[in-house]
Amino acid sequence: MWLAAAAPSLARRLLFLGPPPPPLLLLLLSRSSRRRLHSLGRAAMPEKRPFERLPADVSPINYSLCLKPDLLDFTFEGKLEAAAQVRQATNQIVMNCADIDIITASYAPEGDEEIHATGFNYQNEDEKVTLSFPSTLQTGTGTLKIDFVGELNDKMKGFYRSKYTTPSGEVRYAAVTQFEATDARRAFPCWDEPAIKATFDISLVVPKDRVALSNMNVIDRKPYPDDENVVEVKFARTPVMSTYLVAFVVGEYDFVETRSKDGVCVRVYTPVGKAEQGKFALEVAAKTLPFYKDYFNVPYPLPKIDLIAIADFAAGAMENWGLVTYRETALLIDPKNSCSSSRQWVALVVGHELAHQWFGNLVTMEWWTHLWLNEGFASWIEYLCVDHCFPEYDIWTQFVSADYTRAQELDALDNSHPIEVSVGHPSEVDEIFDAISYSKGASVIRMLHDYIGDKDFKKGMNMYLTKFQQKNAATEDLWESLENASGKPIAAVMNTWTKQMGFPLIYVEAEQVEDDRLLRLSQRKFCASGPYAGEDCPQWMVPITISTSEDPNHAKLKILMDKPEMNVVLKNVKPDQWVKLNLGTVGFYRTQYSSAMLESLLPGIRDLSLPPVDRLGLQNDLFSLARAGIISTVEVLKVMEAFVNEPNYTVWSDLSCNLGILSTLLSHTDFYEEIQEFVKDVFSPIGERLGWDPKPGEGHLDALLRGLVLGKLGKAGHKATLEEARRRFKDHVEGKQILSADLRSPVYLTVLKHGDGTTLDIMLKLHKQADMQEEKNRIERVLGATLSPELIQKVLTFALSEEVRPQDTVSVIGGVAGGSKHGRKAAWKFIKDNWEELYNRYQGGFLISRLIKLSVEGFAVDKMAGEVKAFFESHPAPSAERTIQQCCENILLNAAWLKRDAESIHQYLLQRKASPPTA
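Residues numbered from 1 in each chain as written. Predicted model: local features only at pLDDT ≥ 70, side-chain atom pairs only at ≥ 80, totals over all residues. Heavy atoms only, no water.

For the protein chain, the name recorded in an unreviewed UniProt entry is Aminopeptidase, with Panthera leo as its organism. Here is the UniProt Subunit (unreviewed entry) comment for the protein chain, exactly as written: "Monomer." Its UniProt record gives the protein chain the following Sequence similarities (unreviewed entry) comment, quoted word for word: "Belongs to the peptidase M1 family." (UniProt positions renumbered as here; feature names shortened; annotations may be inferred.)

Engineer: Can you walk me through the overall build of the protein chain in this structure?
Structural biologist: Per the secondary structure count, the protein chain includes 28 helices and 29 strands. Its C-alpha atoms put the protein chain at 90 × 65 × 55 Å along the principal axes. Here the protein chain holds 919 residues, and 66% of them are scored as buried. A fraction of 73% describes how many contacts in the protein chain between residues 6 or more apart in sequence connect residues 24 or more apart. When the accessible surface of the protein chain is summed, it comes to about 32600 Å², and 50% of that surface belongs to carbon and sulfur atoms. (Helix = DSSP H or I, 4+ residues; strand = E, 2+ residues; numbered from the N terminus. Buried < 20%, exposed > 50% of the residue type's maximum accessible area, 1.4 Å probe, protein only. Contact = heavy atoms within 4.5 Å. Areas by Shrake-Rupley, 256 points an atom, 1.4 Å probe, with all protein chains shown as cover.)

Engineer: I keep staring at the sheet that holds strand β24 (residues 516–525) and nothing clicks. Help me out?
Structural biologist: Strand pairing in a sheet relies on backbone hydrogen bonds, with the paired strands running either antiparallel or parallel. Read from one edge to the other, the open sheet built from 4 strands follows the order β27-β24-β23-β29, with strand pairing classed as mixed. Whereas interior strands pair on both sides, the edge strands pair on one side only; in this sheet they are β27 (565–570) and β29 (590–593). Each strand axis lies, on average, 25 degrees off the axis of its neighbour in the sheet, ignoring direction. Judged from the 6 bridges that link them, β24 and β27 form a sheet pairing that is antiparallel. Bridging across to β27, Leu519 finds its partner in Val568. (Pairing = 2+ DSSP bridges. Axes fitted to C-alpha atoms, helices over the stretch in contact; angles between N-to-C directions.)

Engineer: Before we go on, may I ask you to explain the pattern of salt bridges in this structure?
Structural biologist: Oppositely charged side chains are able to pair whenever their charged atoms sit close together. Under the defined criterion, the tally for this structure stands at 61 salt bridges. Across the pair Arg805 and Glu328 runs a salt bridge whose closest N-O atoms are separated by 3.5 Å. Highlighted residues: Arg805 in the loop between α22 (789–799) and α23 (809–819) and Glu328 in the loop between β20 (323–327) and α4 (340–356), separated in sequence by 477 residues. The residues Arg805 and Glu328 share a single accessibility class, namely buried. The partner of Lys556 in a salt bridge is Glu550, with the nearest N and O atoms 3.9 Å apart. For Glu550, a relative accessible area of 54% gives the class exposed. Taken together, the shared-partner salt bridges in this structure form one network comprising Asp99, Glu127, Asp183, Arg185, Arg186 and Asp192. (Salt bridge = Lys/Arg side-chain N within 4 Å of Asp/Glu carboxyl O.)

Engineer: What exactly am I supposed to notice about the side chain of Thr809 here?
Structural biologist: Within the secondary structure layout, Thr809 lies in helix α23. When its relative accessible area of 1% is taken as the criterion, Thr809 is described as buried. For Thr809, the residues in contact, after removing those within four places along its chain, are Ala799, Leu800, Val804, Leu838, Arg841 and Tyr842.

Engineer: Just checking my understanding: could you explain the sheet that holds strand β3 (residues 90–96) for this structure?
Structural biologist: Reading across from one edge, β3-β7-β6 is the order of the 3 strands in this open sheet, with antiparallel pairing throughout. Of all strands in the sheet, those bounded by a partner on one side alone are β3 and β6 (119–123). Averaged over all pairs of adjacent strands, the angle between their axes in this sheet comes to 25 degrees, without regard to strand direction. The sheet contact formed by β6 and strand β7 (residues 128–137) spans 5 bridges and is antiparallel. Across the sheet, Phe120 pairs through a bridge with Leu131, a residue of β7.

Engineer: I would appreciate a short explanation of the packing of aromatic side chains in the present structure.
Structural biologist: Two aromatic rings, taken as a pair, are described by how far apart their centres are and by the angle between their planes. Enumeration according to the criterion identifies 46 aromatic pairs in this entry. Ring centres of Phe296 and Trp358 lie 5.7 Å apart, and the angle between their planes is 45 degrees; this geometry places the pair in the tilted category. Here the residue Phe296 occupies a position in helix α3 (residues 279–296), and Trp358 occupies one in the loop between α4 and β21 (363–365), the gap between them amounting to 62 residues. A single burial state applies to Phe296 and to Trp358, both of which are buried. Taking 5.6 Å as the distance between ring centres and 80 degrees as the angle between the ring planes, the aromatic pair formed by Tyr404 and Phe588 counts as edge-to-face. (Phe/Tyr/Trp six-rings, centres within 6.5 Å; stacked < 30°, edge-to-face > 60°.)

Engineer: Explain the environment of Ala108 here, please?
Structural biologist: Summarising the element assignment, Ala108 is placed in strand β4 (residues 100–109). Here the alpha-carbon distance between Ala108 and Thr141, two residues 33 residues apart in the chain, equals 8.8 Å.

Engineer: How do you make sense of the UniProt feature "binding site: Zn(2+)" (unreviewed entry) in the protein chain when you look at a structure like this?
Structural biologist: Feature annotation in UniProt places "binding site: Zn(2+)" (unreviewed entry) on His352, His356 and Glu375, given in this structure's numbering. These annotated residues cover 24 residues of sequence, and their C-alpha atoms lie no more than 8.6 Å from one another, placing them together at a single site. Secondary-structure assignment places His352 in helix α4. Within the secondary structure, Glu375 sits in helix α5 (residues 371–389). Within the structure, the side chain of Glu375 is placed 3.0 Å from the side chain of His352, a separation counted as a polar contact. (Polar contact = N/O pair within 3.5 Å; in protein donor to acceptor, adjacent residues only side chain to side chain.)

Engineer: Looking at this model, I keep getting lost on the nonpolar core. Mind explaining?
Structural biologist: Taken as a class, soluble globular proteins show a tendency for nonpolar side chains to be buried jointly. Judged by nonpolar contacts, the single largest core of 310 residues is most densely connected at Leu131, Phe188 and Phe248. Sequence-distant contacts of Phe188, defined by excluding residues within four places in its chain, comprise Tyr63, Leu65, Asn96, Ile100, Phe148, Phe179, Phe200 and Phe248. (Core = buried A, V, L, I, M, F, W, Y, C linked by side-chain atoms within 4.5 Å.)

Engineer: Would you take a moment to explain the domain arrangement of the protein chain for this structure?
Structural biologist: Bring the parts together and some accessible area is lost; that lost area is often taken as the interface size. With domains assigned, the protein chain is organised as domain 1 (54–251), domain 2 (252–365), domain 3 (366–499), domain 4 (503–607) and domain 5 (656–911). For domain 1 versus domain 5, the distance between C-alpha centres works out to 43 Å. Taken together, the contact pairs 4 residues of domain 1 with 8 residues of domain 5. Summed over both sides, the interface of domain 1 with domain 5 buries roughly 480 Å², with 49% coming from carbon and sulfur. Three residues stand out in domain 1 for area buried against domain 5, namely Lys155, Met156 and Lys163, and they jointly supply 81% of the buried area on that side. In this structure, Glu802 engages Lys163 in a salt bridge whose closest nitrogen and oxygen atoms are separated by 2.5 Å. (Domains from an automatic or database assignment. Buried area = accessible area lost by both parts, 1.4 Å probe.)

Engineer: Please clarify how the environment of Glu837 should be interpreted in this entry.
Structural biologist: With respect to the helices, strands and loops of the structure, Glu837 is situated in helix α25 (residues 835–842). For the pair Glu837 and His425, spaced 412 residues apart in sequence, the C-alpha to C-alpha distance is 25 Å.

Engineer: Looking at this structure, I do not really get the UniProt feature "domain: Aminopeptidase N-like N-terminal" (unreviewed entry) in the protein chain. What am I missing?
Structural biologist: In the numbering adopted here, UniProt assigns the feature "domain: Aminopeptidase N-like N-terminal" (unreviewed entry) to residues 60–245. Helix makes up 0% of residues 60–245 and strand 61%, and the two end C-alpha atoms of the span are 16 Å apart.

Engineer: Teacher, can you tell me more about the side chain of Asn62 here?
Structural biologist: If you trace the backbone, Asn62 turns up in strand β1 (residues 58–70). For Asn62, a relative accessible area of 8% puts it in the buried group. Polar side-chain contacts of Asn62 include one of 2.8 Å to the side chain of Thr199. Once residues lying within four places of it in the same chain are set aside, the contact partners of Asn62 are Glu81, Ala82, Ala83, Ala198, Thr199, Phe200, Asp201 and Arg237.

Engineer: Explain α22 to me, please; I cannot follow it from the model alone.
Structural biologist: Spacing of three or four residues puts side chains on the same side of an α-helix, whose turn is 3.6 residues. Residues of α22 that are buried include every one of Leu791, Ile792, Val795, Leu796, Phe798 and Ala799, and no others. Down the axis of α22, the sector holding all buried residues measures 160 degrees, keeping them to one side. Seen from the open side of α22, the exposed residues pointing more than 90 degrees away from its buried face are Glu790 and Thr797. Tucked inside the fold, the buried residues of α22 contact α20 (757–769), α21 (773–782), α23, α24 (821–833) and α25. (Arc of directions from axis to C-beta.)

Engineer: Even after reading the chapter, I still don't get the pairing of β29, so can you show me in this structure?
Structural biologist: The side chains of a regular strand alternate between the sheet's two faces. The side-chain alternation of β29 yields two buried faces, one formed by Arg590 and Gln592 and the other by Thr591 and Tyr593. In this structure, strand β23 (residues 504–513) lies alongside β29, joined through 4 bridges in parallel fashion. Opposite Ile506, over in β29, you have Thr591 as the bridge partner.

Engineer: Quick question: what am I supposed to make of unusual backbone geometry here?
Structural biologist: In terms of backbone geometry, most residues other than glycine have negative phi values and most peptide bonds are trans. Geometrically, the link from Glu180 to Ala181 is a cis peptide bond, its omega value of 10 degrees lying close to zero. Of note, Ala181 is situated in the loop between β10 (171–178) and β11 (199–207). Although it is not a glycine, Asp536 adopts a positive phi angle of roughly 50 degrees. In this fold, Asp536 is placed in the loop between β24 and β25 (542–548). Within the chain, Asn572 stands out as a residue other than glycine whose phi angle is a positive 55 degrees. Looking at where Asn572 falls in the secondary structure, it is placed in the loop between β27 and β28 (579–581).

Put into structure tokens, the structure is as follows:
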């Protein structure tokens, strides 16, 4: 599953969607701050709810399932006939069941009489039902029959309704599914655990003018006896699979199709009249299937794969086997109106979900504790796949900015968690769909791939997939396969990364000894609150690469650091050569250089002799060290000025992100305008070089860079950029010259930030007129840039209106919170005032965590942490517990950073103004 919440850094950094990300800010705390952090940030986790997995005495072999949704009354009828195995004699069957009413249930042992259940005991808290029988069910096989009814809910989970508008303007509903993690039980009674696999024979009884889809191909379509307007659509039997991967869709769709070179039928289903917008995803999918088949050396096991755009969809996408569901914005590309970053996003999400068809669907995690393996792996290999399909995207550099650094921000907190989290009750599962499972998971797999080498990695993957196909596996099973393939101590190394939270800071100093360079390395846990002060500091086995200026793109030495301190000798390194750790920013650690080593590296930023991903990593490490109070923020600002000649999009993207974090922090001071002047000084040279219009020979990354830079300058109030943005916006609105898709976000953001009520009204009108969801989202994400309190209130009210799809309300409110200091306060008040409606809308899913995080994390006053903590103590949000703790911790960290560095930053900015630096 790709979470909209899992790609926020990507979405934000690529699309320049309004405000910079809310800071996960790191710093050294005073003793009193540390005490406050301990009492507020580390609010006691609720006690784990008692939980038992389903008893193993009865298990399914095959589900024969027929569902009849009513698209007007929003209900459905269901008939289940499950071939089951009684492994241990019992007089009851326990299954998962939620929001379903069972009408009748019976069990017929093979060759014997049917036994009717005499009682249905619903355990709503545990989402289980116990069927009681008047006599003992003996060991052996039999058929379990259940007739039931349920609701097509509006909560974007289980079997739910999704609202859409026909080309003629009529509002209608589709019936669609989202079962991961534990919501198949809302569509039919089942053994809803990933390790309880079975085959499925699915039939759907639907209006004859609707499209009906499921995991497999259609094998029969016949009139329904009671109603000539209804047909029964029967699908082929699935392979053995987990319940969370089952899917069905009933609605109105067009499609485009092709065959992959391996003969698999690939279709992309779109809203009616928009088939053209499915072509890009179709092309990506048709290239991706053969790529994975060759990489894993295992064929795709189903005859077809459908990719479908769903109007109301909570996640970004879901990897249901053979029927992958997507938000419209994660699948549809309009050749004229989609921006470059949307194409890239679609390519990544398609790559992610199709990887799951093998890694997750063919071989499935044994329990949710191993979720990271599914998501971390897919989040890594999606980049490998996109790099294969679109080498011009320079996607691996973008990985560092979008996933690697984001995971490190979160993992430096006291309230982080290990990659592997022991999960019990279903309510705990949503909480681990986060940047640790996805982005840190992907980052440590990237490090592992680099450590093993591609050839042995592929060999190990093939061994793993072949051994466990159609079965379940745990993390240790993958390590064993990779260890057998590579001969390296994979389990020993990787356990230090997956079973303990956090990551190391490697401190390095150097000494020239004749013709050699002696390096002294030491590792210590990196903490957001400054140097690790506890006893028994955790240790990691760290694959370390070392490069020099002689050959910046290749490692001069690779070592495995398996102790707290190490000395390393680099042979034949001249005194004037620089030495750098972590070539390619692949190792999941931060580096702190001695001042002499750092001084020697800085010219490599200005003259670009350091590779782009290493320039990015160096700057990001320094920024994080400043946030943690280990170095001064002023030192980092000086380094940022060395990027004046920087040509690389992703390096600028990361720089922009960090300056956004700093701007958010300094919005709590009275010298906010000075940091905006700094932003203008840093970005205006690259802005002048790029200009507004594409030049011949430019490509994908130039388009991304132009949007990023113009947005940054416009938001900061750069006079020439603001004037040109207003001129182009006027022409766009009047229809004289339509803005290119790549310029819309920066222009919209700029005119709104420096506009008035009329500007906002025009923007809301554009939103209403937009036919593409991408354009609606583009506008929704920048509305929060508006500054007047009255207009901010108007935007917040709009967020909960019918005009905004339920899943997108979060980004509108988040945009307000990130737009300004007043916006942050207004958004928090709005959430408190409308909590019941918001919580009910998202039913405690991951969108509620996202909403909380976006809305409160930018505060930088100690007392706000107490206010947030108190509010959620009286308004519990169990699936967001950890997020709330992380937010409280970040607020205290922000407050301490401000106290520590605000004055020195102010003095530096004033001094700069008095004597501007020469380029």
